[in-house]
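Examination of the molecular architecture
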Amino acid sequence: MGLPITFLRSSSIKEYLDCPLRFFASYCLGLRFPSGPSAISGTIFHEIMEELAHNKDADLDELTERIYKKHIDQIDPARIPKTYQRKTPESSVRTWVPLKKVKNSIVNVMSMSPRSFDVRHMDVLRTELKFDVEIKEPWANYSFELRGKHHEGYLRLKGSIDLVIRNENGELEIIDWKSGRSEDMSTGEPKTFESYCEDMQMALYSYVCRKYLGLDISYTTLVFLNEGQCFSVQFDDDLVEERIKTIWQEIQSCDRPTKNDSLFCQRFCPYSKSCFDVITTKPLVKPREYDWVNEAGLLEHKTYRICGQLWNYFVGGYTPMQVCEALMRDNHNIDQYVNT
Ligand code: SF4
């Protein structure tokens with residue numbers, strides 16, 4: 001038996017392809033970490049675009065300020081790093097998640113050339129389209145025991161699609177807003193059109209819409225909010241299904257989730273930290289130290305990174321199921337992704 005998984009989302013597939021160990025920590029153990037300022041700005045932007053798509057005459061400045069305020073009011077000022085702290089909690093939060101960044105993203109997408117992504121001028125069919133579909137194929141079947149509970153069924157595909165529009169050519173198109181950078185996690189190099197042709201997030205959206213939701217999608221377009229860049233790609237349903245099947249079979253037979261371990265992954269991955277303060281759950285593994293002789297020949301005590309601590313279990317001969325039995329977050333629901 002491989003990893004105890006019952007569903008895949010576009011983000012979980014990406015996480016698995018980037019680093020199976022990170023996928024294991026997030027989706028099998030249920031570790032969670034709070035969103036950083038970039039992700040919060042992205043969420044605010046998404047909500048503004050969603051509301052604007054339904055209310056095209058809205059006052060954009062008022063709408064932006066209202067949604068921005070709603071989100072920053074929910075941020076605990078205690079989370080804000082020292083360098084961003086100002087005289088009042090509100091000014092600290094506003095410095096950490098600047099309104100200007102959200103406004104810049106809006107200007108960027110609306111003024112992109114030759115194609116603007118102003119939702120007010122688009123024929124919007126759906127916003128934030130949630131899906132949860134079951135693949136009733138023999139290859140998608142699973143069955144496992146975890147903490148005394150039997151899990152059996154077929155793989156489910158879940159997710160949420162930012163926007164479905166009818167474009168100027170009368171074709172259905174999926175649009176996805178991206179607040180992150182368009183770069184490869186392992187190398188730090190900018191991604192290319194060819195790499196987006198392999199992108200499983202958009203491939204999954206296109207496949208699910210066409211096969212399960214009755215939406216005959218022609219194109220999928222990724223729009224990078226901060227870089228003023230977009231990529232439009234078409235996908236072949238049979239090839240996408242084949243890739244989902246291959247990934248699922250790998251997950252089903254995985255006995256040791258490998259780790260990415262590139263220099264670049266450590267820049268943003270919360271599991272690269274050596275303490276659990278960044279995680280919203282209690283420490284699951286007692287931080288372990290090891291001795292290290294530094295360049296000056298002096299002995300230092302270092303603490304393993306979170307993912308290094310998890311990796312030690314596999315090196316020690318534990319199976320993924322045994323690690324889950326021991327370390328899975330108590331309230332983790334293996335059938336559902338909850339980002340808290
Ligand atoms: S720090 Fe790198 S190797 Fe470790 S879990 Fe994150 S992506 Fe994987």
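For the structure given in this document, a descriptive report is provided here. Just so you know, these numbers come straight off a predicted model, no measurement behind them.

**A few points about the overall build of the chain**
When you go through the chain residue by residue, the secondary structure sums to twelve helices and ten strands. Its C-alpha atoms give the chain principal-axis dimensions of about 60 × 60 × 35 Å. Looking at the chain residue by residue over its 340 residues, the buried ones come to 46%. Taking as baseline every contact in the chain between residues at least 6 positions apart, the subset at least 24 positions apart corresponds to 71%. For the chain, the accessible area works out to roughly 17,400 Å², and carbon and sulfur atoms hold 49% of it. Side-chain charges in the chain split into 43 positive and 50 negative, and the spacing between the mean points of these groups amounts to 6 Å.

**Some remarks on the side chain of S10**
Positionally, S10 belongs in helix α1 (residues 10–18). When residues no more than four places from it in sequence are discounted, the contact partners of S10 are K158, Q201, L204 and Y205.

**Observations regarding the pairing of strand β6 (residues 172–178)**
With six of its seven residues buried, β6 lies for the most part within the structure. Here strand β5 (residues 156–166) runs beside β6; their pairing, made up of four bridges, is antiparallel. Looking at the pairing, V164 lines up with I174 of β6. In textbook terms, the turn of a hairpin is the stretch between consecutive antiparallel strands, and for β5 and β6 this stretch comprises five residues, one of which, G170, has a positive phi near 80°. The pairing of β6 with strand β7 (residues 217–224) spans seven bridges and is classified as parallel. Bridge assignment links E173 to a residue of β7, and that residue is Y219.

**Remarks on the environment of L222**
Among the secondary structure elements, L222 is positioned in strand β7. For the pair L222 and D176, spaced 46 residues apart in sequence, the C-alpha separation works out to 5.0 Å. With near-sequence residues (within four places) excluded, L222 lies in contact with D176, K178, Y196, Q201, M202, Q229, C230 and F231.

**Examining the packing of α1 against helix α9 (residues 237–253)**
Direction vectors running N to C along α1 and α9 enclose 65°, while the axes themselves pass 12 Å from each other. In this structure, α1 crosses over α9, and the sense of that crossing is left-handed. Residue-level inspection shows I13, Y16 and L17 of α1 in contact with α9, the latter providing R243, I247, E250 and I251.

**Looking at the pairing of strand β8 (residues 229–233)**
Sheet topology note: the β7/β8 ladder contains five bridges and is antiparallel. By the bridge assignment, L222 is partnered in β8 with F231.

**Quick look at the environment of H46**
Looking at the secondary structure, you find H46 in helix α3 (residues 37–54). Sequence separation of H46 and L163 is 117 residues, and the distance between their C-alpha atoms is 9.8 Å. Excluding its chain neighbours within four sequence positions, the residues that come into contact with H46 are E128, D162 and W177.

Rules and cut-offs
Residues numbered from 1 in each chain as written. Predicted model: local features only at pLDDT ≥ 70, side-chain atom pairs only at ≥ 80, totals over all residues. Heavy atoms only, no water. Helix = DSSP H or I, 4+ residues; strand = E, 2+ residues; numbered from the N terminus. Buried < 20%, exposed > 50% of the residue type's maximum accessible area, 1.4 Å probe, protein only. Contact = heavy atoms within 4.5 Å. Areas by Shrake-Rupley, 256 points an atom, 1.4 Å probe, with all protein chains shown as cover. Lys, Arg positive; Asp, Glu negative; His and termini not counted. Charge placed at Lys NZ, Arg CZ, Asp CG, Glu CD. Pairing = 2+ DSSP bridges. Axes fitted to C-alpha atoms, helices over the stretch in contact; angles between N-to-C directions. Left-handed = near helix turned anticlockwise from the far one by under 90°.

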